[in-house]
Structure formats: structure tokens, C-alpha cells
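# Geometric and topological summary
If you want the building blocks of each chain, they are given just below.
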Amino acid sequence: MHIEEYTVRQLRETVLSGELSAREAAAAHLDRIADSNTELGAFVKVTADLAMTTAARLDRSWASAPAAARRARLGALHGVPVAWKDLWDVAGVATMRGTAAFEPVVAEANSAVVNQIHAHGAVSLGKTQVPEFGLACYSENLVSPPSRNPLDPTLTSGGSSGGSAAAVAAGMLPGAIGSDAGGSIRIPASACGLVGLKPGYGVVPADLRAARALDPDAEKRAGAFYVTRTNAPRMAVSGPIARDAADAGALFDALMGSSRPGGAGRFEEAALSHDPGRFAPVVRAQDDRNDPGPRPGRPLRVGVSTASPFESAYPISLSPESRGALDAAVTALETAGHEVEEARMAYDPRYPDCFYTTWTSGLTDIPLGAGAEARLGVLARDFRTAALARDEATTRSAANILLGIARDFRTQWGAYDVVLTPAMASTPPPVGYFTGDAGAPHDGATDYRLQCQYTPFTSMVNVSQLPAIAIPTLTTGAGLSMGVQFIGRAGSEALLLALAAQLAPHLDASPSIESV
């Protein structure tokens with residue numbers, strides 16, 4: 001078995017059993033990176049020495065633990081290689097955030113999410129490519145080569161977790177943790193033929209710890225929503241990118257602290273059950289719509305929608321591949337016994353303007369020194385210019401409207417156990433599609449429009465603060481992957497993982513990566 005074929009769970013078991021040491025696993029993946037990264041640009045920094053030092057320490061822990069107690073004593077990701085998108089800090093490693101505007105800063109401490117995963121025995125191999133400040137749905141910037149799609153290296157791997165997704169799809173990593181503020185887990189997962197889970201906001205403890213460290217009002221609430229100082233819904237969360245739902249569940253268990261010594265944790269167990277009805281969240285009494293609640297084997301009510309809240313601003317059209325992926329998901333759902341129906345959604349036409357205002361407003365807080373603004377990429381510079389020209393009243397008005405839209409999303413989607421949408425509107429575009437070429441670069445408005453037209457279904461879920469999962473459902477004749485998105489109710493992460501695993505046997509969806 002080639003190292004690139006190991007899943008997270010297989011590698012975990014292989015290292016725990018002693019068949020491979022943590023050092024051997026790390027070294028094999030570092031070799032894979034050396035063979036593949038020049039073509040794909042997934043990694044911006046490989047920390048081989050740090051990885052081997054960590055792996056040696058883990059091997060000593062393995063050797064000192066009694067054989068019967070190893071599973072209980074060692075971490076749930078003992079010896080499993082990971083890497084971190086270059087928006088997170090890893091102690092002793094420079095953080096670039098995909099920008100030429102700042103000098104890279106060597107981090108003194110790990111980000112909260114990094115600490116959480118490292119505490120479970122994962123071995124960091126380096127930092128992965130991102131767009132500038134994580135602003136885009138592609139992973140290209142002015143400081144490192146672009147991240148490319150392993151299924152076709154002329155195409156984008158998505159963003160902003162595009163480097164991490166490319167690394168997983170190419171076998172440089174068995175799985176990864178990404179972050180998602182507007183689709184940044186689901187977009188690259190879909191582009192690269194992977195499973196990507198965006199948890200609900202506030203679900204991941206490390207996300208809340210990180211938010212509190214930056215903002216004393218991080219837990220400010222407006223009803224069910226966590227909100228910013230302007231009253232906009234908070235959007236950024238962390239979640240797994242993996243080759244299958246069980247791996248995503250294992251990674252999410254480590255992220256949530258729900259791993260179990262010697263066995264599958266709560267979310268891995270959900271995926272292995274293939275029984276989403278068993279994990280349906282209990283609906284509060286005031287929201288009850290004669291919902292049957294959790295019950296083993298019960299079918300889900302699934303609403304299918306191709307409506308996008310960006311339709312009021314831009315033409316949104318689905319490619320034949322996108323429609324084919326949606327049709328494949330519907331067929332799989334019906335084969336699995338679920339109740340599928342068309343969902344007629346009507347979204348507030350103010351969404352595009354209010355989302356754009358909220359999405360760009362944070363750029364006013366970036367401290368830029370003399371000459372730094374000229375080193376920004378076009379998208380970030382145009383976003384920042386627009387944000388600085390906006391008054392506080394406009395920002396607050398947009399935030400409050402967006403919060404009302406978020407409530408409406410929950411109301412409309414809440415008529416179903418899950419809502420099914422396309423993942424992306426088309427196959428992954430070529431590298432450079434969004435930015436234009438050097439001779440004819442796009443301005444920020446054109447770049448942003450193209451992003452919205454490629455990813456018209458993702459940001460609305462971040463605004464709603466609900467969980468969603470992207471899964472592959474179709475392999476095209478050209479070997480590309482297309483998929484769908486399932487949006488769940490609050491607290492339905494386990495249900496979504498179980499549903500993804502249940503549908504997988506009914507889908508011909510997993511492109512293969514040849515061994516290098």
C-alpha cells in the first residue's frame with residue numbers, strides 16, 4: 001500500500017499497532033511532498049526537522065507505554081501527519097498570511113486550533129497555500145506559487161484552504177483541518193474530490209477560544225447568533241477536510257475533544273453508523289414542525305434547491321456537470337430511502353450588498369505601514385479601499401440587515417432535516433481565472449463577481465451559522481470531481497457525517513490520484 005493511499009484512520013491504526021513508526025510515517029509523507037509539491041504548490045513551507053523531532057518524541061511515548069494501554073494513553077491522532085494553512089500560527093514557524101504587505105513573523109505560540117490537534121499526537125509537516133488574508137475562493141497570491149488541483153494541475157484547487165485540500169487529494173497528507181468563513185472548507189473539498197465539513201458557529205471550542213483572545217466581545221449574542229461589534233453574524237469556523245466521512249469524523253472528534261480511547265469518537269461513530277436518522281438533532285418545542293426527532297433508521301426529509309442569494313446581483317447558472325452532481329445526489333438519497341422534494345426558496349435581494357459590506361469591513365483594521373498598501377494584491381487593495389470609504393452607519397445597517405437575512409435562512413431551511421444544493425456552479429476554473437493575467441488583470445469587482453458566480457451557495461451558510469458538508473457525487477469524463485452541499489439544522493454535524501457516509505456506496509464519485 002502506497003503512503004498516499006492511507007486514510008487518517010488507517011494510518012492511525014498502522015502507527016498505533018507498531019507496523020509503522022511515527023517517524024516512518026512522517027518521512028514517507030515528506031518524501032511525497034518532495035515529489036509532488038513543485039507541480040502543485042500546496043505547501044509554502046515544509047518543516048521537516050520540526051516534524052521529525054515531533055515524530056521521534058511520539059515514538060518514545062509509544063515505546064514507553066504498556067502495549068495494553070497504548071490506545072488509552074496515546075493521542076487519537078498519534079503519528080498522523082497534518083499541515084496548517086498559512087493563516088494559523090505554528091510556534092517557531094513564520095506566518096505569511098498570503099500577503100506581501102507584511103514581513104513574515106515567526107510565531108511564538110500555536111493558534112488555538114493548532115494546539116488542539118497537536119495535543120492529540122498529530123505531526124505538523126508545514127504550512128499550506130492560501131489567498132491573501134484568506135479572502136478568496138482560490139489559493140493564489142503574490143508571495144508563493146499558486147496551489148493547483150491534483151486532478152488537473154492547470155485548474156484551481158479552490159480556497160481559502162486550497163493548499164490543504166490539494167495536499168490531501170495528492171496524498172501529501174491523509175487529512176487536514178481547514179477554516180471556513182465563506183466556503184473555504186467546502187470549496188476546495190469540492191474542487192479536489194474530498195469531504196469537507198463546516199461546523200456550526202460556536203460549536204468548536206478552539207474557535208471560541210481563539211475569538212476570545214482577539215475580541216473581548218467574542219461571545220456577544222443576538223438571540224441564537226454570535227455577532228460582531230456591528231451586529232453582523234460571525235462566520236469563521238474550523239473543520240475537517242478528508243477523503244471520506246469517517247476520516248472527517250475522526251478529525252472532527254480531535255477538534256471537538258470527543259475522541260474516545262480505544263474506539264471511535266462520537267463523530268467518527270456517526271459516520272460509521274451510516275444512519276443519519278439516529279443523529280437528527282432534537283428540535284426545540286417552539287420550533288417544532290411535527291419533527292420526529294432522532295430515531296434509528298428514520299428517513300430524512302430533504303429539500304432540494306438551486307436558488308442562490310446572489311441571483312439579485314449576478315447571473316447565476318449551473319453547468320451540466322453541476323446539475324449532474326445534483327441529480328446523482330438525489331438518486332442516491334432516494335435509493336437510501338429518504339424523502340426528497342423541491343424546496344422553493346426566496347432570498348432577500350439585499351443579501352449581495354450586505355454580505356459584501358460585511359465581508360470587506362474587517363480590512364479597515366489591518367495596520368499597514370508606509371508603502372505596504374502598494375504591496376497588497378488587487379482584490380485586497382480594492383476591498384480595503386471600499387471599506388475605508390464607507391461610514392460606520394452604512395456598515396452597521398448592512399450588518400443588521402444581514403442578521404435578519406440569517407434568521408430567514410434558518411426559517412426557510414428549517415422546514416427540512418437537510419437542504420441539498422449544488423456545491424459549486426461549475427467545474428474548477430483554471431489558475432488565474434479570477435485574477436486575470438498579467439497583461440489584463442481583473443479589478444477587484446470583476447474578481448469578486450467571478451467568485452460569487454462559481455460559489456453561489458456557500459457564504460449563505462456561514463451567515464446562517466448552521467453546519468454544512470460538501471461531498472463528491474460525480475466524476476466527470478475528464479476525471480474532475482463535482483459534488484453537492486448538504487445544509488443541516490443547528491447541532492446536526494453528526495447527522496451530516498452519517499448521511500455522507502450512507503450515500504457514498506451509491507455514488508461513483510472518487511477520482512483516483514496515481515502514485516508519484
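Placed above this text is the structure.
Sequence positions are assigned chain by chain, starting from 1 and proceeding in written order. In keeping with the model being predicted, local features are shown solely for residues with a pLDDT of at least 70 and side-chain atom pairs are shown and tallied solely at 80 or more, while totals for entire chains, interfaces and linings include all residues. Heavy atoms throughout the structure, all of them, feed into the side-chain values; hydrogens and water do not.

Attention shifts here to the overall build of the protein chain. On a plain count of helices and strands, the protein chain comes out with 17 helices and 19 strands. Against the 2.2 N^0.38 benchmark of 24 Å for 516 residues, the protein chain shows a C-alpha radius of gyration of 21 Å, consistent with a compact globule. In the protein chain, buried positions account for 59% of the 516 residues. Residue pairs at least 24 apart in sequence account for 75% of intrachain contacts in the protein chain once pairs closer than 6 positions are excluded. Using a 1.4 Å probe, the Shrake-Rupley method yields the accessible areas, and only the shown protein chains count as cover for residues. Just so you have it, the protein chain exposes about 19,200 Å², and 50% of that area is on carbon and sulfur atoms. Taking the 43 positively charged and 53 negatively charged side chains of the protein chain as two groups, their mean positions are separated by 7 Å. Numbering of helices and strands runs from the N terminus; a helix is a DSSP stretch of H or I covering at least four residues, while a strand is a stretch of E covering at least two. The reference for a compact globule is 2.2 Å times residues^0.38; the radius of gyration itself is calculated from the C-alpha atoms. Three exposure classes are used, based on accessible area relative to the maximum for each residue type with a 1.4 Å probe and protein chains only: buried under 20%, partly exposed in between, and exposed over 50%. The contact definition used throughout considers only heavy atoms, calling two residues in contact when any of these lie within 4.5 Å. Within this scheme the basic residues Lys and Arg register as positive and the acidic residues Asp and Glu register as negative, but His and the chain ends are omitted. Lysine's charge is taken at NZ, arginine's at CZ, aspartate's at CG and glutamate's at CD.

A word on the packing of helix α1 (residues 8-17) against helix α9 (residues 245-256). Following both chains from N to C, one finds α1 and α9 inclined at 65°, their axes separated by 8 Å at the closest point. Mapping the contact onto sequence places V8, R9 and R12 in α1 and A246, D247, A250 and L251 in α9. Residues that form the contact of α1 with α9 fall into these classes: four nonpolar, no polar and three charged. Fitted lines through C-alpha atoms serve as axes, helices being fitted only where they are in contact, and the angles separating the N-to-C directions of these axes extend from 0 to 180 degrees. Each residue is assigned to one class: nonpolar for Ala, Val, Leu, Ile, Met, Phe, Trp, Tyr, Cys and Pro, charged for Asp, Glu, Lys and Arg, and polar for all the others, Gly among them.

Let us look at the packing of aromatic side chains. Stacked, tilted and edge-to-face are the three classes assigned to paired rings of Phe, Tyr and Trp, where Trp is represented by its six-membered ring and a pair needs centres within 6.5 Å; plane angles under 30 degrees give stacked, over 60 edge-to-face, the rest tilted. Applying the stated criterion across every chain, the model contains 18 aromatic pairs. Taken together, a centroid distance of 4.7 Å and an interplanar angle of 65° make the contact between F252 and F267 edge-to-face. With F252 in helix α9 and F267 in helix α10 (residues 266-273), the pair connects residues that are 15 residues apart, well separated along the chain. The pair formed by F252 and F267 is uniform in burial state, with each residue classed as buried. Here F310 and F355 contribute two aromatic rings whose centre-to-centre distance is 6.2 Å and whose plane-to-plane angle is 90°, an arrangement assigned as edge-to-face. Pair noted here: F310 is in the loop between β13 (301-304) and α11 (320-335) and F355 is in helix α12 (residues 351-361), with a separation of 45 residues, a long-range link. Three or more aromatic residues joined by ring pairs form one cluster here, namely F310, Y314, Y347, Y351, F355, W359, F409 and W413.

Bringing the environment of G175 into the picture now. Here G175 is to be found in strand β8 (residues 175-180). Considering only alpha carbons, one finds G175 and M424, 249 residues apart in sequence, at a separation of 21 Å. Apart from the residues lying within four places of it in its own chain, the contact partners of G175 are V8, P81, V82, V168, I241 and L251.

Within the secondary structure, A406 sits in helix α14 (residues 392-413). For the pair A406 and A500, spaced 94 residues apart in sequence, the C-alpha to C-alpha distance is 25 Å. Aside from chain neighbours lying at most four places away, what touches A406 is F225, P233, V463 and S464.

Moving on, we get to the pattern of salt bridges. Salt bridge, as applied in this entry: a Lys or Arg side-chain nitrogen positioned within 4 Å of an Asp or Glu carboxyl oxygen. What the rule picks out here adds up to 21 salt bridges. Linking D86 and K127 is a salt bridge whose minimum nitrogen-to-oxygen distance equals 2.9 Å. Here the residue D86 occupies a position in the loop between β2 (81-85) and β3 (94-95), and K127 occupies one in strand β5 (residues 123-128), the gap between them amounting to 41 residues. We classify D86 as buried; its relative accessible area is 2%. The shortest N-O distance in the salt bridge between E269 and R278 comes to 3.7 Å. Put simply, R9, R12, E13, R71 and E268 are held in one network by salt bridges that share partners.

Across a sheet, strands are paired by hydrogen bonds formed along the backbone, either parallel or antiparallel in direction. Two strands pair if DSSP finds at least two bridges between them. Spatial strand order, β8-β12-β9-β18-β19-β15-β13-β14: eight strands in an open sheet with mixed pairing. Every interior strand has two partners, whereas the edge strands, β8 and β14 (339-342), have only one. Across the sheet, the mean angle separating the axes of adjacent strands is 25° when strand polarity is ignored. When β13 meets strand β15 (residues 418-422), the two strands line up parallel, connected through three bridges. Looking at β15, one finds that V302 is bridged to V418. Together, β13, β14, β15, β18 (468-475) and β19 (481-488) form the strand contacts of α11, whose direction differs from that of β19 by roughly 55°. Across the sheet, helix α17 (residues 493-503) is in contact with β9 (195-198), β15, β18 and β19; its angle to β18 comes to roughly 10°.

Here α17 lies mainly inside the structure; eleven of its eleven residues are buried. The set of residues buried in α17 consists of E493, A494, L495, L496, L497, A498, L499, A500, A501, Q502 and L503.

This part is about the packing of α9 against α10. At their nearest, the axes of α9 and α10 sit 6 Å apart, and the two run at 165° to each other. The orientation of α9 with respect to α10, classified from their angle, is roughly antiparallel. Regarding α9 and α10, the two cross each other, and that crossing is right-handed. The residues of α10 that touch α9, namely those facing A245, A246, G249, A250, F252, D253 and M256, are R266, F267, E268, A271 and L272. The residue inventory of the contact of α9 with α10, partitioned by class, reads eight nonpolar, one polar and three charged. Any angle from 65 to 115 degrees is called roughly perpendicular, while one under 35 is roughly parallel, one over 145 is roughly antiparallel, and all others are oblique. By the definition used in this description, the sense in which the near helix is turned from the far one sets the handedness, with an anticlockwise turn below a right angle giving left-handed and a clockwise turn giving right-handed.

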